[in-house]
Amino acid sequence: MGKSSITAKNVYLDYPSTVYNRKTLKQTVFELIKLQKPQKILHDVHALRGVSFEINEGERVGVIGHNGAGKSTLLKAIAGIYPITGGEIKINGTIQSLFDLSVGFEIDATGRENIAYRGLLLGETPKSIKEKTQDIIDFAELGEFIDYPVKSYSSGMIVRLAFAISTMVEGDVLLLDEIFGAGDAKFMKKAKKRIMGLIETAKILVFVSHDFSAVKDLCNRVIWLDHGQIKMDGDVDTVINEYVRVMGL
Amino acid sequence: MKTVISYFRRIYNARFFLIHLVRWDIKFKFRRSKLGLLWTILQPLLLTMIIAAVFGFVFKQKVGTYAPYILSGILVWDIISAAVIGNGSSFIQAEAYIKQFAHPIMIYPIRASLVSIINFLIATTGLFAWVLFVYPQNVLTAIISLPLTAFIYFIMAWSISVISSHMYVRYRDYPFVMSLALQLLWYLSPVFFKEEMFLSNPMLHVLFVVNPITHILMLMRQPFLSGCFADTVSYVYSLSIAAILLIVAWSVNSKCEKTVIYYL
């Protein structure tokens, strides 16, 4: 297997606009007979424009930038969810991603069933998930609610369960997208500790966040994305200080 | 070839998740229903009773033998119509997964078609019961023929589901158009109608003979209703169509897989 690494070479990623430019028959006809103004043609969104970097084992990289700079897109491109339009991304190691935690629950199934469900989704085997189930229930602090349908949960309970399941699964490359702010203060503290634990076992971390103190706590390198391009890449304090100065924060 | 193998490996790696989805779909349909899975058998059986009573009266058919003919038609047609229309929503249904995880997208049509075939096999027990009653001598042939038939049906259902899923995610008019097309195909196929009903017009009979649905149905009907395996022609015809569909589905998928996410 060798050492874990992520290599991105001149990566481009465009969101195609064809989907949004489609017209209905009514629009086409009405535009033709001038009953309606022609629809504005939308252009492709260039989310990543020539991004290159290399992340090696042991690096914990924070990705910062303004809204829409391409941070989450970069993460999803690394995870293989969005296809890149140009360039190359090479990954050594298994990926574990924590994006939108509460997505993908079967709300009619019980909490216990959902543990199995999501565990398998994340690549666990029925056997390994069984071993972890009790830990997950304990961590999520759901008590007897674990056998109730998820439908009956409060949003905080769902987040706790989702977090507990997702962070049970380990990987070489951990991708985190702004997941702090889950649950109440007490759970947050626990969650942070858990994430720290995960980061210790992961060989590489890529962490997207607007929370500079979290980035400073977790990372040893920061990439600053600006309009789909890397503006700066370097050690934590230098990049964050420069970002704060330029953005006038 | 190499890419095909590595793609199958990726599907294999997602197998536990896939199996879980399938089990969930089969069970979930009946959550909170009193009869549960029994509905899978009862529903086509009861529908058959109604249709056999009405059609038997209109076409002057004997209900005892006409009913299993209709039931076999319903069972197979359910797979076809699910593959063309229902399973088309497999990507849309799996949006939350597709946007979060890089599992090969093919697993969602596989999920839908596996569910169709398993439901088909469960519902077939109703047909077995009927055949046991009217043609007990056919049961053994029926059992022996079933695995191959189900396999061919699965390949077809899978391929069509892949194509319909890619179509539906891109063109949202798809189910409306296709349900009409399917209705037309139904009238040209011996789902409920018997061969002699197509004899009134030579053109209609030619359509009957070349219609793949006719042969697909034969795989099921010959063993269950006549006690013999279907003609070689029917096997060759069905297998060739399954193979062609599979190749088309594979090429559609390799061309369109990556961009599905933008259409969700």
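Residues numbered from 1 in each chain as written. Chains lettered and ligands numbered in written order. Predicted model: local features only at pLDDT ≥ 70, side-chain atom pairs only at ≥ 80, totals over all residues.

1. Describing the overall build of chain B
In step 1: For chain B, the count of helices and strands is 13 helices and zero strands.
In step 2: Along its sequence from the N terminus, chain B presents helices and strands in the succession α-α-α-α-α-α-α-α-α-α-α-α-α.
In step 3: A globule of 264 residues ought to have a C-alpha radius of gyration of about 18 Å, and chain B, at 19 Å, matches this closely.
In step 4: Its C-alpha atoms put chain B at 55 × 45 × 35 Å along the principal axes.
In step 5: When contacts within chain B are restricted to residue pairs at least 6 apart in sequence, those whose partners lie at least 24 apart make up 76%. (Helix = DSSP H or I, 4+ residues; strand = E, 2+ residues; numbered from the N terminus. Rg over C-alpha atoms; globule rule 2.2 N^0.38 Å. Contact = placed C-beta atoms within 7 Å.)

2. Structural notes on the overall build of chain A
In step 1: If you tally the helices and strands in chain A, you get nine helices and nine strands.
In step 2: Principal-axis analysis of the C-alpha atoms gives chain A an extent of 65 × 50 × 40 Å.
In step 3: The contacts of chain A with a sequence gap of at least 6 include a subset with a gap of at least 24, amounting to 76%.

3. Side note on helix α3 (residues 38-58) of chain B
All names here are of chain B.
In step 1: For α3, with 21 residues, the first-to-last C-alpha span of 30 Å sits near the 30 Å given by 1.5 Å per residue.
In step 2: Among the residues of α3, those classed as buried are Thr-40, Pro-44, Thr-48 and Ala-52.
In step 3: Where α3 is buried, its residues touch α4 (63-84) and α7 (107-134).
In step 4: Phi turns positive one or two residues past the end of α3, at Lys-60, with a value near 55 degrees. (Expected span 1.5 Å × (residues − 1). Buried ≥ 20, exposed ≤ 12 C-beta atoms within 10 Å, placed from the backbone.)

4. Digging into the interface of chain A and chain B
In step 1: In this complex, chain A contributes 20 residues to the contact, which on the side of chain B involves 17 residues.
In step 2: The leading source of residues in the side of chain A that touches chain B is helix α4 (residues 111-121) of chain A, at four residues.
In step 3: Residues belonging to the side of chain A that touches chain B are distributed by class as follows: 14 nonpolar, three polar and three charged. (Nonpolar A, V, L, I, M, F, W, Y, C, P; charged D, E, K, R; others polar.)

5. Side note on the sheet that holds strand β1 (residues 5-15) of chain A
Residues and elements named next belong to chain A.
In step 1: In space, the three strands of this open sheet follow the order β2-β1-β4, with antiparallel pairing throughout. Of all strands in the sheet, those bounded by a partner on one side alone are β2 (45-56) and β4 (86-92). On average, adjacent strands in this sheet sit at an angle of 20 degrees to one another, irrespective of strand direction.
In step 2: Strand direction decides the pairing type here: β1 and β4, joined by six bridges, are antiparallel. Paired with Ser-5 across the two strands is Asn-92, which belongs to β4.
In step 3: Each of β1, β2 and β4 is contacted by helix α3 (residues 71-78), which is oriented at about 60 degrees to β2, the strand it contacts most. (Pairing = 2+ DSSP bridges. Axes fitted to C-alpha atoms, helices over the stretch in contact; angles between N-to-C directions.)

6. What about the nonpolar core?
In step 1: Counting residues in each nonpolar core, the largest one holds 131 residues, and the members touching the most others are Leu-175, Val-206 and Phe-207 of chain A.
In step 2: A per-element tally of this core places α4 of chain B first, with 14 residues.
In step 3: Beyond its immediate stretch of four places on either side in the chain, Leu-175 of chain A contacts Leu-75, Ile-78, Ala-79, Ile-95, Ser-97, Leu-98 and Val-206 of chain A. (Core = buried A, V, L, I, M, F, W, Y, C linked by C-beta atoms within 7 Å.)

7. Thoughts on the confidence of the model for chain A
In step 1: With 96% of its residues at a pLDDT of 70 or more, chain A shows a mean pLDDT of 87.
In step 2: Across chain A, the secondary-structure element scoring lowest on mean pLDDT is helix α1 (residues 18-21) of chain A, at 79, and the one scoring highest is strand β8 (residues 221-226) of chain A, at 95. (pLDDT = per-residue confidence, 0-100.)

8. With respect to the environment of Ile-105 of chain B
In step 1: Topologically, Ile-105 of chain B is positioned in the loop between α6 (95-98) and α7.
In step 2: When the C-alpha atoms of Ile-105 of chain B and Ser-90 of chain B are compared, they prove to be 9.6 Å apart, with 15 residues separating the residues in sequence.

9. Some details on the packing of α4 of chain B against helix α11 (residues 212-226) of chain B
All names here are of chain B.
In step 1: Remark: α4 packs on α11, axes separated minimally by 10 Å, with the N-to-C direction vectors making an angle of 145 degrees. Along this stretch, α4 crosses α11, giving a crossing that reads as right-handed. On the side of α4, the interface is formed by Pro-68, Tyr-69, Ser-72, Gly-73 and Val-76, while α11 contributes Ile-216, Leu-217, Met-220, Arg-221, Phe-224 and Leu-225.
In step 2: Grouping the amino acids of the contact of α4 with α11 by side-chain chemistry returns eight nonpolar, two polar and one charged. (Left-handed = near helix turned anticlockwise from the far one by under 90°.)

10. A short note on the sheet that holds strand β7 (residues 204-208) of chain A
Residues and elements named next belong to chain A.
In step 1: Spatial ordering of the open sheet is given by β5-β6-β7-β3-β8-β9, a layout of six strands whose pairing is mixed. Either end of the sheet is taken by a strand with one partner, and the two such strands are β5 (95-98) and β9 (229-234). Across this sheet, the average inter-strand angle for adjacent strands is 15 degrees, counted without regard to direction.
In step 2: Across five bridges, the pairing between β8 and β9 is antiparallel. Note that in β9 the partner of Ile-223 across the bridge is Asp-233.
In step 3: With respect to the sheet, helix α9 (residues 236-247) is in contact with β3 (60-64), β8 and β9, its orientation differing from that of β8 by roughly 30 degrees.

11. Section: unusual backbone geometry
All names here are of chain A.
In step 1: The phi dihedral of Lys-34 falls on the positive side, at around 60 degrees, and the residue is not glycine.
In step 2: Inspection of the secondary structure puts Lys-34 in the loop between α2 (25-32) and β2.
In step 3: With 8 C-beta atoms counted inside 10 Å, the residue Lys-34 sits in the exposed group.
In step 4: Non-glycine residue Glu-141 carries a positive phi angle of around 55 degrees.
In step 5: Within the element layout of this structure, Glu-141 appears in the loop between α5 (126-140) and α6 (155-166).
In step 6: Accessibility expressed as a C-beta count within 10 Å gives 15 for Glu-141, which makes it partly exposed.

12. Some words on the environment of Thr-3 of chain B
In step 1: Along the chain, the position of Thr-3 of chain B falls in helix α1 (residues 2-13).
In step 2: For the pair formed by Thr-3 of chain B and Ser-254 of chain B, sequence separation is 251 residues and the distance between their alpha carbons is 9.9 Å.

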